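Structural overview
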Amino acid sequence: MSGSLLTEWRNQIENHLRDKLLPFWLERSQDSRYGGFLTHFDKDGKDSGEDEKSLIAQSRSVYSFASAYRSGYGERCRELADHGAEYLLTRMWDEKHGGFYWMTDRKGEVTRDDKILYGQSFAIYSLSEYTLATGNPIGRQYAERTFDLLQKHATDTMYGGYFEMFDREWNLAGPGSKGGDRKTLDVHMHLMEAYTTLFECTRLPLHRRKLLEDIEVLMRRLLHPTHATGIPQFTVDWRPTRQIKFDIVWGWDRFKPEGIKANPMDNTSYGHNVELAWLLMHALDVLGSDDAPYREQVHKMLDHAVSHGIDWEYGGVYVEGSHNGPARDLEKEFWQQCEVMIGMIDAYLRYGDDRYLAAYEAVHRFLFTKGINFQTGELWPLLTREGVPIWTHTSHSWKINYHSVRAMIQCRKKLDQAIAAAKGEGWRGQGAVKG
């Protein structure tokens, strides 16, 4: 691969991030009246007026601005990271029972007081990143407090891993659609992401140990035993079970009306698999650990996406499909494009396999020709296989700036490393990329 093409991709990402994507959020998202962030924008980038502020959107926005500041994108990013952290700690933290509420209205009044591990994980992640970026210790303080609550209330001491759905007082939710009798790949993957950044921030032995425990759960319990592809949902004792829609959801997954996905026992997400691969490798880098125990599984996850998930005709990556067969959902969703871009350029740097770089190119090409709403700079949420927008909103409580901004920052950094390697200033292969 020529250095000139790598440079072209790198500059395309950098220019878009600096000139379009970040400015959209820096100019619009701050709620100067009530605090926190406005996160609901229509296809034209206008405030759509929804009266809610979710823990996911607020915490992910703090992460995005803190990460951008840490990566050199200016003081305005620091200002918004400060602004968002203040809202999390003054309006969404439960002083009586601990942890973060699930939802407030625009004014900051609590509308859902449930404690959902998916949201708590992003609070740990964003507040740890906030301290790493700004040096303000309050982020670490509340990240540690949240971590401690999870160990006290959510840890499953019998079967391992974590329970995920609780009421305000940390009582476990009921079964079925209430989610109290389920464990998910999604939550345990994002806990790995959160614990990685927490450990990077604190370097405490307890945080290291719990990160390693979560990695073991992910790699031993949540992957297909043959294909190493992710299985979405489990019973509490780790038996794969049909994938149902919970009463409290954190995305617009395309379920059937009865709330059960088609092919629920043979269904895997290419985006989640590749995201898990690169987040795992990043965790091992932060831990200073060798990837050898997991390398075979990582290659299976990546190779499955290359073989079945990448659309080699139109570009991009499909939503999901079988553990051992072709894709079933041929639409293209924004976050899968982001995570597969990061994962494939990371894999190319680590292993020097040109298939991974070709996969990166296929997704990059699709994203920058079809996947971006160039009026706003954000990504279209969902497109047809050919790249025609199906959903057209810019953002809401789940689709926010986290995937898009992180992908641009991470891919720019990794492309810089690839360019240096192409110039003879570095080398490809195991250990070539850190962070």
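Computed from a prediction, not measured in an experiment: that's the story for all the values here.

Below, the discussion takes up the environment of Gln 336. Tracing the sequence through the fold places Gln 336 in helix H10 (residues 334–351). Residue classification places Gln 336 among the buried residues on the basis of a relative accessible area of 2%. C-alpha of Gln 336 to C-alpha of His 153: the two residues are 183 residues apart in sequence and 32 Å apart in space. Once you skip the residues sitting within four places of it in the chain, Gln 336 turns out to touch Ser 269, Gly 271, Val 317, Tyr 318 and Val 319.

Below, the discussion takes up helix H3 (residues 75–92). Given 3.6 residues per helical turn, the α-helix brings residues three or four places apart onto the same face. Between the first and last C-alpha of H3 there are 25 Å, a value that for 18 residues agrees with the 26 Å anticipated at 1.5 Å per step. Among all positions of H3, only Cys 77, Leu 80, Ala 81, His 83, Gly 84, Ala 85, Tyr 87, Leu 88, Leu 89 and Met 92 are buried. In this structure, the buried residues of H3 make contact with helix H1 (3–28), strand E1 (53–54), helix H2 (55–70), strand E2 (103–104), helix H4 (117–134) and helix H5 (137–153).

As a further point, take the sheet that holds strand E8 (residues 268–269). Here 3 strands make up an open sheet; going across it, the order is E8-E9-E10 and the pairing antiparallel. Here the strands that pair on one side only, and so sit at the sheet edges, are E8 and strand E10 (327–329). Where strand E9 (residues 320–321) meets E10, 2 bridges bridge the pair, whose relative direction is antiparallel. Paired with Glu 320 across the two strands is Asp 329, which belongs to E10.

Attention now goes to the side chain of Glu 378. You can see Glu 378 is positioned in the loop between helix H11 (354–371) and strand E12 (382–383). For Glu 378, a relative accessible area of 1% gives the class buried. One polar contact links Glu 378 to Ser 404, side chain to side chain, over a distance of 2.6 Å. With residues near it in sequence (within four places) discarded, Glu 378 still touches Leu 21, Trp 25, Ile 372, Asn 373, Thr 394, Lys 399, Ile 400, Asn 401 and Ser 404.

Moving on, we come to the environment of Val 62. As for its placement among the helices and strands, Val 62 is situated in helix H2. The spacing of Val 62 and Trp 398 is 336 residues in sequence and 14 Å in space, taken between C-alpha atoms. Other than its neighbours up to four places away in sequence, Val 62 contacts Phe 37, Ala 81, Gly 84, Ala 85, Leu 88, Ser 126 and Tyr 130.

In this model helix H9 (residues 295–309) runs 20 Å from its N-terminal to its C-terminal C-alpha over 15 residues, within 8% of the 21 Å that 1.5 Å per residue would give. Residues Val 298, Met 301, Leu 302, His 304, Ala 305, Val 306 and Gly 309 constitute the buried set of H9. The inward-facing, buried residues of H9 abut helix H7 (205–221), E8, helix H8 (270–287), H10 and H11.

Our focus in this paragraph is the packing of helix H6 (residues 185–202) against H7. Packing of H6 against H7 leaves a shortest axis separation of 9 Å and a crossing angle of 155°. It follows from the interaxial angle that H6 and H7 lie roughly antiparallel. As H6 packs across H7, the resulting crossing turns out to be left-handed. Where H6 abuts H7, its residues Leu 185, His 188, Met 189, Leu 191, Met 192, Tyr 195, Thr 196, Leu 198, Phe 199 and Thr 202 lie against His 207, Arg 208, Lys 210, Leu 211, Asp 214, Ile 215, Val 217 and Leu 218. Taken together, the residues that form the contact of H6 with H7 break down as 11 nonpolar, 4 polar and 3 charged.

With that settled, the discussion passes to unusual backbone geometry. Not every positive phi belongs to a glycine, and Ala 228 is a case in point at roughly 60°. Tracing the sequence through the fold places Ala 228 in the loop between H7 and strand E7 (233–235). By relative accessible area, which is 3% here, Ala 228 ends up buried. In the Ramachandran plot, Trp 238 falls in the positive-phi region, its phi being about 70° despite a non-glycine side chain.

Let us look at the confidence of the model for the protein chain. Low pLDDT means the predicted atomic positions in that stretch should not be read closely. Of all residues in the protein chain, 94% attain a pLDDT of 70 or more, and the chain-wide mean is 94. Under a pLDDT of 50 for its full length, residues 427–435 has, in the predicted model, 30 contacts with residues more than four places off or in other chains.

The rules behind the values
- Residue positions are given per chain, counting from 1 as you read along its sequence in written order.
- Where totals are concerned, whole chains, interfaces and linings use all residues; where local detail is concerned, this predicted model gives features only for residues with pLDDT of at least 70, and gives and counts side-chain atom pairs only at 80 or more.
- Note that the side-chain values use all heavy atoms of the structure and ignore hydrogens as well as water.
- A helix here means a DSSP run of H or I that spans at least four residues, while a strand means a run of E at least two residues long, and both kinds are numbered starting from the N terminus.
- The buried label applies to any residue whose accessible area, calculated with a 1.4 Å probe on protein chains only, is under 20% of its type's maximum; exposed applies above 50%, and partly exposed to all values in between.
- It only takes one pair of heavy atoms within 4.5 Å for two residues to be counted as in contact.
- Expected span of a helix, by definition, is 1.5 Å for each gap between consecutive residues, and there is one gap fewer than residues.
- A pair of strands is labelled paired if DSSP reports no fewer than 2 bridges between them.
- For this analysis, a polar contact is any N or O atom pair within 3.5 Å, provided that within protein one partner can donate a hydrogen and the other can accept it, and provided that sequence-adjacent residues contribute only side-chain to side-chain pairs.
- Lines are fitted to the C-alpha atoms to define the axes, a helix being fitted only along its stretch in contact, and any angle between axes, read from their N-to-C directions, falls within 0 to 180 degrees.
- What sets the label is the angle itself: under 35 degrees gives roughly parallel, over 145 gives roughly antiparallel, 65 to 115 gives roughly perpendicular, and the rest give oblique.
- For any pair of crossing helices, the crossing counts as left-handed if the nearer helix is rotated counterclockwise from the farther one by less than a right angle, and right-handed if it is rotated clockwise.
- Residues are sorted three ways: Asp, Glu, Lys and Arg are charged, Ala, Val, Leu, Ile, Met, Phe, Trp, Tyr, Cys and Pro are nonpolar, and all the rest, Gly among them, are polar.
- pLDDT measures how confident the predictor is about each residue, on a scale from 0 to 100.

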